[in-house]
Each structure stands twice: as C-alpha cells, then as structure tokens.
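Commentary on secondary and tertiary structure
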Amino acid sequence: MELLQLHYFLKEELHSVDAFINNKAEYELLRIFKEVTSILELEGELQFETIAIEEGGIKAFYKLISKKKNKRKIKNALLYSAGILSVIISDVVSDQLKTDHEYEKLKKEEIQLQIEKLKRDLEDEKTTEDKTLIIQNLSVFIGETDKIKFFKSNFYSTLLKEEKIEQVSTQRLNENLEPITNENIVARKDFDKFILHSVDIDPDFRESEKIEIVSPVLKKGNMKWKGIYNEKPIRFYMRDEEFLTSVINKEISFSNGTSVKADIEFEQKMNDDGDIEIGTISISNITDVIEDSKIIETKRKKRNRELSNQTKMNFDNETE
C-alpha cells in the first residue's frame, strides 16, 4: 500500500483555506485520479481513500489500496500508481489542447501505444532505476491526453483563486507516512503554465459526403434542416446559398429518400467532463442531388466542370 501526499504550502504559516476552493480543487484532482485509472486499465482494481489532513501548510493524504488480495496478481502499474499520479499532477507537458481532428486522432493512438508498451515494460523484471524512468515516461504520455490537461487546468486555476497558497507539492509515501520519493513542487508563479487559456477545438470537416434529406427548409432564414448521416439523425444549417435559392425557386424538389452529396462540417467543443461534443453542423458545396439511382448535378458542379474543361483547353493550346 502506498499513499500520495498533496501538500499546499500557505503564506505566513497559515493553516486554513477557503472550503469551497479546497473542495473544487479536490474534485478536479479526483477526476485526474479516475482518468489515470481508466487509462492504466485499473478500474475496479484500485480504491482511493482519504485520511486525516495535517497542518504545516495543509497536507492531504490519499491512500491507494489494491482490491486484489493475491499480491502476485497485482500489476506493477497498480503498485506504482501513486508515483505515476505524483508526476502527472506536478509535471507540465503542454498548456494547449490538440485542436486538429486528424492530428488528435493519430496522436491519441500513438500515446495509447506508448502507454501500452510502458505498462508491459513495467511488468518485466527491472531495476529500481529502470522502473523510475518508466514511471516518468509513462506519466508524461498520460499527461499528454486532453482530459488530463483539462482537469489539471481546472485544478491549478482553482488554486490560483486562493491567495494563501504559495506552492503545491506531491510525494509518494509508504504506509508509515515516510517519504519514498522527493517532493515534486510547483510554485504559484508556475500554476499558469498548467492552465488552458483556450479550449477551442478545430471543426471536423469532411468532403463529398452523402446526407439524406428528411425535412428541408423551404424559405430563407437561419433555420435548421433535418437529415440522416451515417444512419444517424442530424440537424444542420444549409450554407450553400446557391443551392438554397434553387430550392426556394422550386428548381429542386425533395421526395422520400432524396439525398445530397456535399461537404459537411461539425463544430466541436469540450464539455465540463473533458469530452469532445458535436456542436453546430453545417453543409456546403452541394454537387449532386440523388433520388433512388438517379443523380442530378447541381449548377455548382456543372459550372466547376465547365471551368475545369476550359482551363484544360487553354493549357493544351498554350503547349501546342
């Protein structure tokens, strides 16, 4: 059994902080604990308990208890989880979220592969020095995930609201409350390095997708259309003004099952739990209207094709 000590250093030998700020900071800390437990695949195997808070600043102790009675089956990731958490909380990896959809997806896969490799390495027979390095690297990769960054940002931005706190530290302790490692200290002047000042996420943009139209809007205005995309109902804004004008002028009509080929954009935002949610959906650049097996080209597609052909002809004439 290990403990994780969280030590708030207060100015002028004070021994109390605002209760609401303290509870909010602990809430974000527990969300970090939960997410790290999930990433390490230790859900159901690890139990967190708090024990009495000491003065000397303010010290909070979190007891990490394995739910398994057979110690031979306990994973090293579980045994060293206090050390992993200690590094994650106090180490600055980046103060930015990965906002590009494709980059984020690839980076997430890369991080997960590295985490799995380091977890396997931790299970092998290693020296104490090797395991310390593995824990450090594992903590860095886990700290790269957006949820951890988000919860850490909330944690440190909350601490900044309490003027009494001058620095915070984490440290691994044994069951007798004796230090196993040195304290990882973060000074107040460095809290801002952990804080995300923008959580804007780049939109997810997809080209030439098929959307079934369920309920079009047959007049001008900023009202949402209804459709089906990838077998799921969506509500979206029509951003192709030329197509919308053709619909209003009754040049294009819809029947049951009518679909369009268009570009689709999903605005993305991060919710309070650090999850990415879909915001506003828009479609534009409509090239085809599809009714059963019949494909009707839009004015835009015809014009673009003619322009492309003309450009090709001009190029061929210049090269002759």
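**With respect to the overall build of the chain**
Counting secondary structure elements, the chain contains eight helices and 11 strands. Here the chain, with 320 residues, has 40% of them falling under the buried criterion. Of all intrachain contacts in the chain linking residues separated by at least 6 positions in sequence, the fraction that spans at least 24 positions is 66%. On the chain, roughly 18,600 Å² of surface is accessible, and the fraction owed to carbon and sulfur atoms is 47%.

**A few points about the pairing of strand 10 (residues 276-291)**
As paired strands, strand 8 (residues 232-238) and strand 10 are joined by two bridges and run parallel to one another. Directly across from methionine 238, in strand 10, lies its bridge partner isoleucine 283. Sheet topology places strand 9 (residues 259-270) next to strand 10; 10 bridges connect them, and they run antiparallel. When the sheet's bridge partners are listed, lysine 261 is paired in strand 10 with aspartate 288. Linkage of strand 9 to strand 10, two consecutive antiparallel strands, is achieved through a turn of five residues, within which glycine 274 is found at a positive phi near 80°.

**A closer look at the packing of aromatic side chains**
What the rule picks out here adds up to 11 aromatic pairs. For the pair phenylalanine 33 and phenylalanine 48, a centre-to-centre distance of 4.9 Å together with 15° between the ring planes defines the contact as stacked. Highlighted residues: phenylalanine 33 in helix 1 (residues 19-39) and phenylalanine 48 in strand 2 (residues 46-55), separated in sequence by 15 residues. Overall, the relative accessible area of 1% leaves phenylalanine 33 in the buried class. Look at phenylalanine 243 and phenylalanine 254: their rings are 6.4 Å apart centre to centre, the planes differ by 70°, and that puts the pair in the edge-to-face class.

**Focus on helix 1**
In a regular helix each residue adds 1.5 Å, so 21 residues correspond to 30 Å; helix 1 covers 30 Å between its end C-alpha atoms and thus fits that length. When we look at burial in helix 1, the residues that qualify are Ile21, Ala25, Glu28, Leu29, Arg31, Ile32, Phe33, Glu35, Val36, Thr37 and Ile39. Looking one or two residues beyond helix 1, the residue adopting positive phi is glutamate 41, at roughly 55°.

**Description of the pattern of salt bridges**
Inspection of the entire model under this criterion finds 14 salt bridges. With a closest N to O distance of 3.2 Å, aspartate 273 and arginine 31 form a salt bridge. In this pair, aspartate 273 sits in the loop between strand 9 and strand 10 while arginine 31 sits in helix 1, placing the two residues 242 residues apart along the sequence. For aspartate 273, a relative accessible area of 41% gives the class partly exposed. On the accessibility criterion, arginine 31 (12% relative accessible area) is buried. Salt-bridge contacts for glutamate 35 lead to lysine 147; the nearest nitrogen and oxygen are separated by 4.0 Å. Here glutamate 35 is found in helix 1, whereas its partner lysine 147 is found in helix 6 (residues 146-159), with 112 residues between them in sequence. On the accessibility criterion, lysine 147 (23% relative accessible area) is partly exposed.

**A closer look at the packing of helix 3 (residues 81-90) against helix 6**
Between helix 3 and helix 6, the least distance of the axes is 10 Å, while the angle of their chain directions is 65°. By the angle class used here, helix 3 and helix 6 are roughly perpendicular. Contacts from Ile88, Ile89 and Ser90 of helix 3 reach helix 6 at Ile148, Lys152, Phe155 and Tyr156. Taken together, the residues of the contact of helix 3 with helix 6 sort by class into five nonpolar, one polar and one charged.

**Quick notes on helix 7 (residues 241-248)**
Count 3.6 residues to each turn of an α-helix, and residues three or four apart come out pointing the same way. For helix 7, the full list of buried residues reads Phe243, Leu244, Ser246 and Val247. What you see down the axis of helix 7 is that its buried residues fit within an arc of 160°, all on one side. Two or three places before glutamate 242, at the opening of helix 7, aspartate 240 has a side-chain oxygen 3.3 Å from that residue's backbone nitrogen.

**Considering the pairing of strand 1 (residues 2-10)**
For strand 1, the buried fraction is high: eight of the nine residues fall into the buried class. Relative to strand 3 (residues 58-66), strand 1 is paired through seven bridges, and the arrangement is antiparallel. Considered in strand 3, the bridge of leucine 3 is made with lysine 63. Looking at chain direction, strand 1 and strand 4 (residues 165-173) are connected through eight bridges and run antiparallel. In the sheet register, phenylalanine 9 faces strand 4, and the bridge partner there is glutamine 167.

About the criteria used
- Residues numbered from 1 in each chain as written.
- Predicted model: local features only at pLDDT ≥ 70, side-chain atom pairs only at ≥ 80, totals over all residues.
- Heavy atoms only, no water.
- Helix = DSSP H or I, 4+ residues; strand = E, 2+ residues; numbered from the N terminus.
- Buried < 20%, exposed > 50% of the residue type's maximum accessible area, 1.4 Å probe, protein only.
- Contact = heavy atoms within 4.5 Å.
- Areas by Shrake-Rupley, 256 points an atom, 1.4 Å probe, with all protein chains shown as cover.
- Pairing = 2+ DSSP bridges.
- Phe/Tyr/Trp six-rings, centres within 6.5 Å; stacked < 30°, edge-to-face > 60°.
- Expected span 1.5 Å × (residues − 1).
- Salt bridge = Lys/Arg side-chain N within 4 Å of Asp/Glu carboxyl O.
- Axes fitted to C-alpha atoms, helices over the stretch in contact; angles between N-to-C directions.
- Parallel < 35°, antiparallel > 145°, perpendicular 65-115°, else oblique.
- Nonpolar A, V, L, I, M, F, W, Y, C, P; charged D, E, K, R; others polar.
- Arc of directions from axis to C-beta.
- Polar contact = N/O pair within 3.5 Å; in protein donor to acceptor, adjacent residues only side chain to side chain.

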